Amino acid sequence: RDNSSWWHAHRGEDYDNFDDRPAAGFYTSKADVVLACYGEGDKPVLENWDDKTWVAQRQQFQAAVMIELYRDGSGYTGRIHPSGRLLPPLHTGDRQGWWDLKEVLVTGQEVSARYAINILNKPVLHVDRRTGLIAIDGIESFYGRCWTGP
């Protein structure tokens, strides 16, 4: 498969047969820390079962997240690239699919931060530095494991 448009392609399309991982060697960065995270996401969906009944539930899917952290003297700054299925149809504030991390806190045990997908959806992420487990809690959620490097 051609991964040249992996970061920007397929937003809002049917992902049932789409492999969300970049090809080896596709990604390069000058970040101090790069985390490649793979796991499972879920998001709310509304289904019409007949003309009168609507049912709200959560849809689960495989997903990927890239996180870059940069040292900036007194602490860290960073950015995050959630895969297309983790994004709601209406999202703002990104630069080529990357969102700036706010309130980045790096301790010996954890990395935590916040980012704004839109005015209503401001997910919080937590990465356990000992186990590599990641949790992103927002309207769309993600749980998985991170590895350093792409």
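Residues numbered from 1 in each chain as written. Predicted model: local features only at pLDDT ≥ 70, side-chain atom pairs only at ≥ 80, totals over all residues. Heavy atoms only, no water.

Colleague: Can you walk me through the pairing of strand S6 (residues 110–114) in this structure?
Modeller: Sheet faces and side chains relate simply in a regular strand, where the side chains alternate between the two faces. By the bridge criterion, three bridges tie strand S5 (residues 102–106) to S6 in an arrangement that is antiparallel. The residue of S6 that forms the bridge with Leu105 is Ser112. Hairpin connection, S5 to S6: the antiparallel pair is bridged by three residues. Examined bridge by bridge, S6 and strand S7 (residues 124–128) share five bridges and lie antiparallel to one another. By the bridge assignment, Ser112 is partnered in S7 with His126. (Pairing = 2+ DSSP bridges. Helix = DSSP H or I, 4+ residues; strand = E, 2+ residues; numbered from the N terminus.)

Colleague: For this particular structure, what's the right way to read the packing of aromatic side chains?
Modeller: In this description, a pair of aromatic rings is defined by centroid distance and the angle of the planes. All chains considered together, the criterion is met by one aromatic pair. Judged by centre distance (6.3 Å) and plane angle (40°), the ring pair of Tyr38 and Trp147 falls under tilted. One end of the pair, Tyr38, is in strand S1 (residues 33–48); the other, Trp147, is in strand S9 (residues 141–148), with 109 residues separating them in the sequence. On the basis of relative accessible area, Trp147 is assigned to the partly exposed category, the value being 45%. Over the ring of Phe61 we find Lys43, and its NZ or CZ is 5.6 Å from the ring centre. Its guanidinium or amino end placed over the ring of Trp98, Arg79 lies 3.9 Å from that ring's centre, counting from NZ or CZ. (Phe/Tyr/Trp six-rings, centres within 6.5 Å; stacked < 30°, edge-to-face > 60°. Buried < 20%, exposed > 50% of the residue type's maximum accessible area, 1.4 Å probe, protein only. Lys NZ or Arg CZ within 6 Å of the ring centre and 35° of its normal.)

Colleague: How should I be thinking about the sheet that holds strand S4 (residues 99–100) in this particular structure?
Modeller: Backbone-to-backbone hydrogen bonds join strands into a sheet, with any given pair of strands oriented parallel or antiparallel. Read from one edge of the open sheet, nine strands run S4-S3-S2-S1-S9-S8-S7-S6-S5, paired in antiparallel fashion. At either end of the open sheet lies a strand with only one pairing partner, and these are S4 and S5.

Colleague: For this particular structure, what's the right way to read the state of the cysteines?
Modeller: In protein structure, a disulfide is the covalent linkage between the sulfur atoms of two cysteines. Per the counting criterion, the structure on display carries one disulfide. Disulfide partner of Cys37: Cys146, at an S-S distance of 2.0 Å. Residues Cys37 and Cys146 share a disulfide whose torsion about the S-S bond is about 100°; that sign makes it right-handed. Here Cys37 is found in strand S1, whereas its partner Cys146 is found in strand S9, with 109 residues between them in sequence. Taking relative accessible area as the criterion, Cys146 reaches 9% and is therefore assigned buried. (Disulfide = S-S within 2.5 Å.)

In short, shape yes, function no, at least from these values alone.
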